[in-house]
Amino acid sequence: MVEFLWRDDNDTHIAGPVVQQFIAKGRDVGINEFRLLFEGYIQKFTELRANEED
């Protein structure tokens, strides 16, 4: 599996920093893109829904 994570300073959410995830290659997964909310105080990523924008 090939996965890329990056942070765009222009992409923000009221609850914290947003990390972009791009899965470029994997067995039977295809190409996928996700927006993840990084909760640094507990070292956790939570997927943001498409309609959650701030």
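Below or above, wherever it landed, is the structure these notes cover. (Residues numbered from 1 in each chain as written. Predicted model: local features only at pLDDT ≥ 70, side-chain atom pairs only at ≥ 80, totals over all residues. Heavy atoms only, no water.)

1. Things to note about the overall build of the chain
Rules: Helix and strand labels come from DSSP, where a helix needs a run of H or I of at least four residues and a strand needs a run of E of at least two; each type is numbered from the N terminus. Classification of residues uses two cut-offs on accessible area relative to the type maximum, computed with a 1.4 Å probe and protein chains only: under 20% is buried, over 50% is exposed, and between them is partly exposed. Throughout, a contact is declared for two residues whenever any of their heavy atoms are within 4.5 Å. Only the protein chains shown count as cover for residues, and all accessible areas are computed by the Shrake-Rupley method using a 1.4 Å probe. When charges are tallied, Lys and Arg are placed among the positive residues and Asp and Glu among the negative ones, while His and the ends of the chain are skipped. Every charge is mapped onto a representative atom, which is NZ of Lys, CZ of Arg, CG of Asp or CD of Glu.
When its secondary structure is counted, the chain shows 0 helices and 4 strands. Starting at the N terminus, the α and β elements of the chain follow one another as β-β-β-β. Along the three orthogonal principal directions, the C-alpha set of the chain runs to about 35 × 25 × 20 Å. The burial tally for the chain puts 24% of its 54 residues in the buried class. Put simply, 14% of the contacts in the chain that link residues at least 6 apart link residues at least 24 apart. Working note: accessible area of the chain is about 4,300 Å², and carbon and sulfur atoms make up 50% of it. Side-chain charges in the chain split into 6 positive and 11 negative, and the spacing between the mean points of these groups amounts to 7 Å.

2. A short note on the environment of Val19
Mapped onto the secondary structure, Val19 falls in strand E2 (residues 16-25). Taking the C-alpha atoms as reference points, Val19 and Phe45, separated by 26 residues in sequence, lie 8.5 Å from one another.

3. Some details on a nonpolar patch on the surface
Note the threshold: Each patch groups residues whose relative accessible area exceeds 30% and which form no salt bridge, using 9 Å between like charges and 5 Å between nonpolar side chains of Val, Leu, Ile, Met, Phe, Trp and Tyr. Here, a salt bridge means any side-chain nitrogen of Lys or Arg that lies within 4 Å of a carboxyl oxygen of Asp or Glu.
On the surface, a cluster of nonpolar side chains totalling about 280 Å² of accessible area is made up of Val2, Phe4 and Trp6. With respect to the element layout, Phe4 can be found in strand E1 (residues 2-13). Overall, the relative accessible area of 43% leaves Phe4 in the partly exposed class.

4. Section: the sheet that holds E1
Backbone hydrogen bonds are what pair the strands of a sheet, in a parallel or an antiparallel way. Operational definition: Any two strands with at least two DSSP bridges between them are considered paired. Axes, fitted as lines to C-alpha atoms, cover a helix only where it is in contact. Angles between the N-to-C directions of the axes lie from 0 to 180 degrees.
Taken in spatial order, the 4 strands make up an open sheet running E1-E2-E3-E4, and their pairing is antiparallel. What marks the edges here is a single partner per strand, and that holds for E1 and strand E4 (44-47). Ignoring strand direction, the axes of neighbouring strands in this sheet form an average angle of 35 degrees. Here strand E3 (residues 32-39) pairs with E4 via 4 bridges, running antiparallel. Note on E4: the bridge partner recorded for Phe38 is Phe45.

Scope: geometric values only; no functional claims are made or implied.
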